[in-house]
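# Analysis of the macromolecular model
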Amino acid sequence: MDGKTVLVAGATGYIGRNIAWALHEGGYRVRALARDPRRLAPVRDACDEVFTGEATRPGTLDGLCDGVDVIVSSIGLRTLRSRPTPEAVDLHANLNVLEQGLRAGVRRFIFVSVLHAVDMMESVPVLRPREEFIQRLKDSGLNWTVLRPTGAFNDMAEIFRFAQRGWGIVFGHGQYRINPVHPADIGQVVVNAITDPSLHNAEFGFGGPDTYTVAGIADLARRVLDRRQRMLHLPYWPVDALAAAVGPFNRNASGFLTFFRRALSRDMVGVPIGQHHLQDYFRALAGDGDTGSF
Ligand SMILES: NC(=O)c1ccc[n+]([C@@H]2O[C@H](COP(=O)([O-])OP(=O)(O)OC[C@H]3O[C@@H](n4cnc5c(N)ncnc54)[C@H](OP(=O)(O)O)[C@@H]3O)[C@@H](O)[C@H]2O)c1
C-alpha cells in the first residue's frame, strides 16, 4: 500500500463510513470528503484528513484530489424527499469529484453502485443517472472499478423491526432470494479492489456469505427473537399505486418506491463474499453484542 492516500467521497454515509474504516485498517491514509464534518464523528479516528466541501458545488472542491492516489465514491441519493434530484447527486456530484481527480492526475477511481441496476433501470428511472456516471467514468481514461453490492444489512433491519412487533412482512410469495452484505465486508472489497488486478477496469456484483429468501429473513428474525410471528404476505399493487400517485409531486419518492418494488420482485444474489452473518447482526440488534458497523 506504500502509505497511499485514498479519498473517500461519501464517507459520511452508511457504506462510506465502513469503507473509510476498512481503508484505515488496511494501512491507507484516508481523506474524507464531507459537507458537514460533524457527520464523520463515528469514523473520525479512521480519517487522516477531512476535506470540507459539497460534491454538488464544484466551486467548493478545489484541491480535493491533490496528492490522492485512489478515489472511492459511495455518494448516492437515498431519500424520499423531492430534492435534490438523482441527476444532481448520482450523476453531477460524482462527475465533479471525477473532474477533480482528472485535474489532479489521479489514476484510479472505485465507484459503489447497486447490484442489477443495469437490468432494472428501464423500469426504474431513478437508477439511470448513476449508470450514466458509470459510463462517463469508463470513458474517462482512468483505471476504474464499479462495485455492485446487493442490499446491505441496514436494509434488513426493517424486517427485524417488524419481527420485534410480532410481524413477518413480505411482499408477494416472499421466495425471491438475496444474500445481504455487511458494510464492513463492502469496505474490505474496496480495499481488495485497490490492488487486485482482476478488479481493475471491471465490475463486481456481490453479496454476503448467506443466501436467504425474503420470507427466510423474516423467519431468521423470528428465530433470533424466539417469539411467535404472524406472517403477512402483502401484494405489490399498493406500492405500484403509491409510486404512481406521488410521481407528479415527488419524483424521488416515486422512484425509490419503484426501485424497492422491483428489487423485491427478483433475485438479488451476488457473488458471496465476506465474514459477517445476518444472524449475528440480528442478534446484535436484539441487544446481544455489537453490529460491527459504523
Ligand atoms: N445501504 C445499502 O443497502 C446499499 C446497498 C447497495 C448499494 N448502495 C448504494 O451505495 C451508495 C451509498 O449508500 P449508503 O447506504 O451509504 O447511503 P447514505 O448513508 O445515504 O450515504 C450517502 C452519501 O452520499 C452523500 N450525499 C447524498 N446526497 C448528497 C448531496 N446532495 N450532496 C453531497 N453529498 C451527498 C451523503 O452525504 P451526507 O452525509 O452529507 O448526506 C453520504 O455521504 C448509494 O448509491 C446506494 O444506492 C447502498
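Notes on the structure follow. What you are looking at is a predicted structure, and each value in this text was computed from that prediction instead of being measured.

Looking now at the overall build of the protein. Of the regular secondary structure elements, the protein holds 10 helices and 12 strands. Taken against the 2.2 N^0.38 rule, which gives 19 Å for 294 residues, the C-alpha radius of gyration of the protein at 19 Å falls within 12% of a compact globule. Based on the C-alpha atoms only, the size of the protein along its principal axes is roughly 55 × 45 × 35 Å. Looking at the protein as a whole, 51% of its 294 residues qualify as buried. Only carbon and sulfur atoms are counted for the fraction: they give 50% of the accessible area of the protein, which is about 13600 Å². Positive and negative charge centroids in the protein, built from 33 and 31 side chains respectively, lie 6 Å apart.

Here the second largest pocket defines a volume of roughly 210 Å³. For the second largest pocket, the lining is made up of 15 residues, of which Ala22, Ala184, Asp185, Gln188 and His276 are closest to its centre. Looking at the lining of the second largest pocket, the elements with two or more residues in it are α1 (14-25) and α6 (183-195). Per element, the largest residue contribution to the lining of the second largest pocket is 5 residues, and it comes from α6. Of the residues assigned to the lining of the second largest pocket, the class counts are 6 nonpolar, 7 polar and 2 charged.

Summed over the entire model, instances satisfying the criterion amount to 9 aromatic pairs. With 5.1 Å between their ring centres and 55 degrees between their planes, Phe153 and Tyr281 make a pair best called tilted. Of this pair, Phe153 sits in helix α5 (residues 153-164) while Tyr281 sits in helix α10 (residues 278-285); the two residues are 128 residues apart in sequence, bridging distant segments of the chain. What makes Tyr281 buried here is its relative accessible area of 7%. On the numbers, 6.1 Å between centres and 20 degrees between planes, the contact of Phe171 with Tyr236 is stacked. With a gap of 65 residues between them, Phe171 in strand β7 (residues 167-171) and Tyr236 in the loop between β11 (230-234) and α8 (237-246) connect regions that are remote in the sequence. Taking the relative accessible area as the measure of exposure, Phe171 reaches 18% and is therefore buried. Here a set of aromatic residues connected by ring pairs shows up, and it is made of Phe153, Phe160, Tyr281 and Phe282.

Next up on the list: the pairing of strand β2 (residues 29-34). Within β2, 5 of the 6 residues are buried, which leaves it mostly tucked inside the rest of the structure. Here strand β1 (residues 5-9) pairs with β2 via 5 bridges, running parallel. Note on β2: the bridge partner recorded for Thr5 is Arg29. Between β1 and its parallel partner β2, the chain crosses via α1, and the hand of that crossover is right-handed. The pairing of β2 with strand β3 (residues 49-52) spans 4 bridges and is parallel. Across the sheet, the residue bridging to Arg31 is Glu49, located in β3.

Running from N to C, helix α2 (residues 86-104) and helix α4 (residues 128-139) cross one another at 20 degrees; their axes reach a closest spacing of 8 Å. As judged from the angle between their axes, α2 and α4 are roughly parallel. Two packed elements cross with a definite hand, and for α2 against α4 that hand is right-handed. Within the contact between the two elements, α2 uses Pro86, Glu87, Asp90, Leu91, Asn94, Leu95 and Leu98 and α4 uses Pro129, Arg130, Glu132, Phe133, Arg136 and Leu137.

Next up on the list: the site of the ligand. Surveying the vicinity of the ligand reveals 23 residues, the closest of which are Thr12, Ile15, Arg35, Arg39 and Arg130. One of the backbone nitrogen or oxygen atoms of Tyr14 is found 2.9 Å away from an oxygen atom of the ligand. With respect to the ligand, the side chain of Asn154 contributes an N or O atom lying 3.4 Å from an oxygen atom. Taking 880 Å² as the accessible area of the ligand by itself, protein coverage stands at 88%. Only α1 and α5 provide two or more residues apiece to the shell around the ligand.

With that settled, consider the sheet that holds strand β6 (residues 143-149). What links the strands of a sheet is backbone hydrogen bonding, and the strands pair in either a parallel or an antiparallel sense. Reading across from one edge, β3-β2-β1-β4-β5-β6-β9-β12 is the order of the 8 strands in this open sheet, with parallel pairing throughout. Pairing within the sheet leaves two strands with one partner each, and these edge strands are β3 and β12 (271-272). Set on the sheet, α1 makes contact with β1, β2, β4 (70-73) and β5 (108-112); between it and β1 the angle comes to about 170 degrees.

Conventions we followed
Think of each chain on its own: its residues are numbered from 1, step by step along the sequence as written. Selection of residues for local features in this predicted model requires a pLDDT of at least 70, selection of side-chain atom pairs for listing and counting requires 80 or more, and totals for whole chains, interfaces and linings are taken over all residues. To get the side-chain values, all heavy atoms of the structure are used, and hydrogens and water are removed first. In this text, helices come from DSSP runs of H or I with a minimum length of four residues, and strands from runs of E with a minimum of two, each type numbered from the N-terminal end. The atom set for the radius of gyration is the C-alpha atoms, and the globule formula is 2.2 Å times the number of residues raised to the power 0.38. Only protein chains enter the accessibility calculation, which uses a 1.4 Å probe; a residue whose area is less than 20% of its type maximum is buried, one above 50% is exposed, and one in between is partly exposed. Here, Shrake-Rupley sampling with a 1.4 Å probe gives the accessible areas, and only protein chains in the shown set may cover a residue. In this tally Asp and Glu are treated as negative and Lys and Arg as positive; neither His nor the chain ends contributes. Just so you know, the charge point we use is NZ for Lys, CZ for Arg, CG for Asp and CD for Glu. Space inside and on the surface of the protein is sampled on a 1 Å grid over the protein atoms alone, with a cavity defined as a set of points where a 1.4 Å probe fits but cannot get out and a pocket as an open set with protein on both sides within 12 Å along at least 5 of 7 lines; lining residues have an atom within 4 Å of a point. Grid points are joined across faces, edges and corners, and a volume is the space filled by probe spheres set on the points. In the scheme used here, Gly and all other residues not listed as nonpolar or charged are polar, with Ala, Val, Leu, Ile, Met, Phe, Trp, Tyr, Cys and Pro taken as nonpolar and Asp, Glu, Lys and Arg as charged. Only the six-membered ring of Trp is used, alongside the rings of Phe and Tyr, when aromatic pairs are assigned; centres must lie within 6.5 Å, and planes under 30 degrees apart are stacked while those over 60 apart are edge-to-face, with the rest tilted. Strand pairing is defined by DSSP finding a minimum of two bridges between the two strands. For crossovers, right-handed means that the path from the first strand over the helix to the second runs clockwise, given strands pointing away from the viewer. In this description, a line fitted to the C-alpha atoms serves as the axis of each element, helices being fitted only across the stretch in contact, and the angle between N-to-C directions of two axes falls anywhere from 0 to 180 degrees. Roughly parallel here means an angle under 35 degrees, roughly antiparallel means over 145, roughly perpendicular means 65 to 115, and every remaining angle is called oblique. Crossings are assigned a handedness: left-handed for a near helix turned anticlockwise from the far helix by less than a right angle, right-handed for a clockwise turn. Should any heavy atoms of two residues lie within 4.5 Å, those residues are considered in contact. In these notes, residues near a molecule or strand are those with any non-hydrogen atom within 4 Å of it. Counted as a polar contact is a pair of N or O atoms within 3.5 Å, where, for protein atoms, one must be capable of donating a hydrogen and the other of accepting one, and residues adjacent in sequence contribute only when both atoms are in side chains.

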